[in-house]
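Descriptive analysis of the structure
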Amino acid sequence: MKVINETPLTKEQINIVNHKRGVAIVFAGAGTGKTHTLVFRVKKLIDQGCRPENIQLLTFARKADSYLKSKLISNPCYSQVKCSTFHAFGLQLIKAHSNKLGFTATPKVVLDRSLDIVVKNIITDIAANRKVNHFKLTKVVKNSRKTKRTCLRKSKSPLSMALAEVLNEFQSYKLRHNIIDHQDMLNLAVKLLQTHPEIRTEMATGIEHLMVDELQDISGQEVSLIYNLAKRTKSTLLVGDKKQAIFSFRGSDLKCWEQLEALLSTHYKSKLKHFNLTKSHRLPEQLLPLVNAVAADICDDPPLTSAKPGCIPHLFIAQNNDQQGGFIAKEINKLLAEGVLPEEIVILGRTRKSLFAMKNHLSYQKIDTTETYRKSKATTEKALRALIRITKGIARGINNSKTPAPPTKSWLRVLHYLQLPEAVQETVSEEVLENGWDAFNVPKKTGDSERLYQGISKLRKTVIKAAELELEAGTQLLIDALSRFITHKHGKKETALLKRDLSNTKIAMRIYNTWSEVDLAAVPLTYTQSGVPLYILHSAKGREWRFVFIINVVEKYLPFYWNRKGNLDEEYRVFYVAITRASEKLYLIQCPIVNTLFIKNGSAKEFKQTHALTQESQFVRAYKYHFKQVK
C-alpha cells in the first residue's frame, strides 16, 4: 500500500487514499499524481471489502476517462469499477429509464450539427409568429446551445419568451423522434434524479463511493448531477485545480465549483474536508519559480514543490516569423540529434492560424509536424483516396454495370465518412456488398432516406464521369463532389482548410498521366502522426511533453485580444496550463504576428482590420526575471 507503480506515496496522497466518510475536496496541482492517487484509493476501498461495482469514477473528458480505465483494467479485481464521463453516465441512466421521460423507444444520440436544420426551421416559424428579430433570435439560440444555458434571464421580454418557446419546441421534436443530443445527456439525467425518488434510491444503493476528477471544468448541470449523487454516498472525493479552469466557452465556470461546495456544506451541516497535492512529479525544480509566481496571481493555493532536475525556462525574442521558425528548427534538430523522439517535443500556439504558419516554416527546414488539432483532415483525405481507388478501377474497366460490386472497402469508407443515419448506413452497406453498383442505380427508399439515396446515386454518377476524364480534371471533379458533403459536416473555416488540403492531394498526383498509373501507396498522406505535434493551448490540457515551445507570445495574442477589456483571469489560467506541460525544458518565443480583428464601426455591422501585434506580452513583462534570455 506504499507504492504507486514503484513510486512511494507522499504523505498528502496517503491522507487522501485513507479518506473514510463524507465529502472531501482535493486541490491537485499540475503533475502531482492525482490519477495514481485515485487508483490507489480504489484499491484501498476494495481491500476494505467494498464491491468494485459500487465505486463510481466520473471524469470530464474522454481522454481522462480512458486513462483511468487503462489503469484499472490492468488488474482484473478493478475492472468492474464504474468509470465514465459525465455524459456517458447520463446516457446510461437515460437509456435505462427512457419511458419515464416520455420516449416511446430507446433514444439514440445524434450530432448537434445534424439538428441545425431542425432548429433553423423552428426559429423561422416562431420569429414570424412572435414578430421578433430573426437574426437576434438565431444568435441567442446558438449561444444557449453552445453554453448549455436554457434561458437568458428570468425575463418576460419578447426575445426571452421566443427563446424559451424555441427550446421547448426543439425538445418536443427530439422526444417525438426518440433522439437526444449532447446537451440532453446531462439535462435529462438530472431531470430523472430530481423527479423520481425510486431512481435516487437505486443510485444510492448502487454507488457507495463517488470520485470526481477535473472539478474545475464542471457546468451547472454537472453541479446538479454531482450533488444528487454525493449526498447519498458513504464518501465522495472531488478532485480539481482552479488554476486550470480554461473552458468557459463550453459553459464551464468556477462559480459552479463554489456553488457545489456551498450545497454540500449545507447538506452535511459542517465544513467539508480539504486536501492538497503539492509535490509535482512532472515539473522540474528550476521551472517552479515561474509556475508558482503565475499561480500566486491566480488564486491562493499552496505553492508546488519538486525535487526533479531540469532547466531554467528560456525566452527567445524574435523580430519576425522567419527568426522564430529558424530558432525552433535549430533547437528541434539539436534535440533529435541527441536521441529525443519527435513525440516528446511539442509546439503550442494560441490559434490554428499561428500553428499553420509554424508548420510551413518547419517544412522548409525538413522537419515533419503533425496537426493534432485537425483530425477531420485525416478522415476527409482518406475518403478522397477511397474515391480515387474506385475511379481508378472504373477507368481500368474492372468495375462496370455487369460486375457484381465496386471495391467494397473503399465504398464503405466513403459511406462511413458521409455519416449517414445508423439504420441507413447499415442498409446501404449491405446493399453495396450484395448488389454492388445496382444499390445506387434507382433510389428504392421513400421518406427521409430517399434524399440520401439520391445523393449517393449522384456521387456514383460523378465517379463514373471522373473516370472518363483526364486524371487532373477527374480528381478535381471528385474533390468538388466531396466538398458538397464537407460543407454540411463542418463550419466555414474548417471547410476552406479541408478544400485546400484536398487540392494538395491533386497536386501530389501530377506525377502520373493516366488513372491506370496512379499508385496511392506512393502518394504520401499530408496528415501524418510521426512528426512533432502542434497543439492549441486549450487542447494541451491534461498532457505533458519533455520539451515545450510556446510561440507568438505578444500582447493581444497571449493574452488574447478578446480579453482586452481587462477580464484576464482565464488568460492567466491558459498561460499557467501552457507552462506546466513541460517535464524538462520550456521555451517561450516572443515574436510579432499579423492578426485580423473584428471591430464594430458604430452600427450592427463589423469590419475586419488587419495589423501587426508587436507589443511585449504582459506575461513576459511580469515574469521575465524567471526566464533565461537566449539568442
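Let us look at the structure shown here. (Residues numbered from 1 in each chain as written. Predicted model: local features only at pLDDT ≥ 70, side-chain atom pairs only at ≥ 80, totals over all residues. Heavy atoms only, no water.)

Let's shift gears to the sheet that holds strand β10 (residues 273-277). Taken in spatial order, the six strands make up an open sheet running β5-β4-β8-β9-β3-β10, and their pairing is parallel. This sheet does not close on itself; its edge strands, each paired only once, are β5 (82-85) and β10. For this sheet, the mean inter-axis angle between neighbouring strands, taken without regard to orientation, is 15°. In this fold helix α4 (residues 86-96) packs onto β4 (55-59), β5 and β8 (209-212), with an angle of close to 105° to the strand it touches most, β5. (Pairing = 2+ DSSP bridges. Helix = DSSP H or I, 4+ residues; strand = E, 2+ residues; numbered from the N terminus. Axes fitted to C-alpha atoms, helices over the stretch in contact; angles between N-to-C directions. Contact = heavy atoms within 4.5 Å.)

This part is about helix α21 (residues 569-579). Within α21, ten of the eleven residues are buried, which leaves it mostly tucked inside the rest of the structure. Those residues of α21 that fall on the buried side of the exposure criterion are Glu570, Glu571, Tyr572, Arg573, Val574, Phe575, Tyr576, Val577, Ala578 and Ile579. For α21, the elements touching its buried residues are α11 (254-268), α12 (288-296), β12 (345-349), β15 (545-550), β16 (582-590) and α22 (618-623). (Buried < 20%, exposed > 50% of the residue type's maximum accessible area, 1.4 Å probe, protein only.)

Moving on: the environment of proline 313. Locating proline 313 in the fold gives a position in the loop between α12 and β11 (314-317). For proline 313 and proline 289, which are 24 residues apart along the polypeptide, the C-alpha to C-alpha distance reads 10.0 Å. Residues in contact with proline 313, not counting those within four places in the same chain, are Gln286, Leu287, Leu290, Leu586, His626, Phe627 and Lys628.

With that settled, consider the sheet that holds β12. Overall, parallel pairing links the seven strands, which are arranged β13-β14-β12-β15-β16-β11-β19 in an open sheet. This sheet does not close on itself; its edge strands, each paired only once, are β13 (369-371) and β19 (628-630). Averaged over neighbouring strand pairs, the angle between their axes works out to 25° when direction is ignored. Two strands pair when backbone bridges link them, and β12 and strand β14 (residues 532-536) are joined in this way by three bridges, in the parallel orientation. By the bridge assignment for β14, leucine 348 is matched with tyrosine 535. Sheet strands in contact with helix α14 (residues 352-364) are β12, β13 and β14, and its direction is about 135° off that of β12.

It is the contact of helix α13 (residues 321-337) with α14, at a shortest axis distance of 9 Å, that shows an interaxial angle of 60°. Looking at the two axes, α13 sits oblique to α14. α14 is crossed by α13, and the crossing has right-handed handedness. Contact residues: Asn321, Asp322, Gln324, Gly325, Ile328, Ala329 and Ile332 in α13; Met358, His361 and Leu362 in α14. Classifying every residue of the contact of α13 with α14 gives five nonpolar, four polar and one charged. (Parallel < 35°, antiparallel > 145°, perpendicular 65-115°, else oblique. Left-handed = near helix turned anticlockwise from the far one by under 90°. Nonpolar A, V, L, I, M, F, W, Y, C, P; charged D, E, K, R; others polar.)

Running from amino to carboxyl end, α12 crosses α21 at an angle of 160°, the nearest separation of the two axes being 10 Å. Judged by the inter-axis angle, α12 sits roughly antiparallel to α21. With respect to the hand of their crossing, α12 and α21 are arranged in left-handed fashion. Side by side, α12 and α21 meet where Leu290, Val291, Val294 and Ala295 of the first sit next to Tyr572, Phe575, Tyr576 and Ile579 of the second. Of the residues in the contact of α12 with α21, the class split is eight nonpolar, no polar and no charged.

Applying the stated criterion across every chain yields a total of 21 salt bridges. One salt bridge in this structure joins lysine 34 and glutamate 214, with 2.9 Å as the shortest N-O distance. One end of the pair, lysine 34, is in helix α2 (residues 34-47); the other, glutamate 214, is in the loop between β8 and α10 (220-230), with 180 residues separating them in the sequence. The partner of aspartate 47 in a salt bridge is lysine 43, and the shortest N-O contact between them spans 2.9 Å. Here aspartate 47 pairs with lysine 43, and both are found in helix α2, just four residues apart, close to one helical turn. Assessed through its relative accessible area of 52%, aspartate 47 is described here as exposed. Judged by relative accessible area, lysine 43 falls into the partly exposed class, the value being 25%. (Salt bridge = Lys/Arg side-chain N within 4 Å of Asp/Glu carboxyl O.)

Relative to the helices and strands, glutamine 56 resides in strand β4. Take glutamine 56: its relative accessible area is 3%, and that puts it in the buried class. Setting aside chain neighbours within four positions, we find glutamine 56 in contact with Lys82, Cys83, Ser84, Phe89, Ile207, His209, Leu210 and Met211.

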